[in-house]
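Structural characterization, general
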Amino acid sequence: QVQLVESGGGLVQPGGSLRLTCTASQRSFSTFVMGWFRQAPGKEREFVAAVGRDDGKPLYADSVKGRFTISRDNTKVNLQMNSLTPEYTAVYYCAARAAIYYSTLPSDFGSWGQGTQVTVSS
């Protein structure tokens, strides 16, 4: 388990950008697969992106390909979000998975941050 803290959410106009950051409050998460998920009101939590622990290779949901970029080092994971539209409004969560391989299932991630609100509106 690792404690995660997200930052960088806020209000942005359509077409704008935001950069979310997830940091480990206790120790590095170099041994974890790291992911971002989002949850809009009335909807289930869904996968956004993940980044491998050894090679840093990214994996994206189809809905964010070409718009979002995930990156990491040993102490933080970033999610760069560009060309945002109102459909991306949600609470975004950082998550850690103590395993070698990716997963897109929330149940496969054992550690979660508290979430950060992203609102895309004019």
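Residues numbered from 1 in each chain as written. Predicted model: local features only at pLDDT ≥ 70, side-chain atom pairs only at ≥ 80, totals over all residues. Heavy atoms only, no water.

Take the state of the cysteines next. Linking two cysteines covalently via their sulfur atoms produces the bond known as a disulfide. The full count for this structure, using the stated rule, is one disulfide. Disulfide partner of Cys22: Cys94, at an S-S distance of 2.1 Å. Residues Cys22 and Cys94 share a disulfide whose torsion about the S-S bond is about -75°; that sign makes it left-handed. Residue Cys22 is located in strand S3 (residues 18-24), and its partner Cys94 is located in strand S9 (residues 90-97); the two are separated by 72 residues in the primary sequence. The burial state of Cys22 is the same as that of Cys94; both residues are buried. (Disulfide = S-S within 2.5 Å. Helix = DSSP H or I, 4+ residues; strand = E, 2+ residues; numbered from the N terminus. Buried < 20%, exposed > 50% of the residue type's maximum accessible area, 1.4 Å probe, protein only.)

On to the environment of Phe32. One can find Phe32 in the loop between S3 and strand S4 (33-39). What makes Phe32 buried here is its relative accessible area of 5%. Remark: the alpha-carbon pair of Phe32 and Gln1, spanning 31 residues in sequence, is separated by 9.6 Å.

Moving on, we get to the sheet that holds S3. Strand order in the open sheet formed by four strands is S1-S3-S8-S7, and the pairing between neighbours is antiparallel. At either end of the open sheet lies a strand with only one pairing partner, and these are strand S1 (4-7) and strand S7 (68-72). If you compare each strand with its neighbour and ignore which way they point, the axes differ by 15° on average. Where S1 meets S3, four bridges bridge the pair, whose relative direction is antiparallel. Within S3, the position partnered with Ser7 by the bridge is Thr21. (Pairing = 2+ DSSP bridges. Axes fitted to C-alpha atoms, helices over the stretch in contact; angles between N-to-C directions.)

This next bit is on the pattern of salt bridges. Under the counting rule described, the total for this entry stands at four salt bridges. Arg38 is the partner of Glu46 in a salt bridge, and the nearest nitrogen-oxygen pair spans 2.6 Å. Accessibility expressed as a relative area gives 37% for Glu46, which makes it partly exposed. For Lys65, the salt bridge is made with Asp62, and the minimal N-O distance between the two is 3.2 Å. (Salt bridge = Lys/Arg side-chain N within 4 Å of Asp/Glu carboxyl O.)

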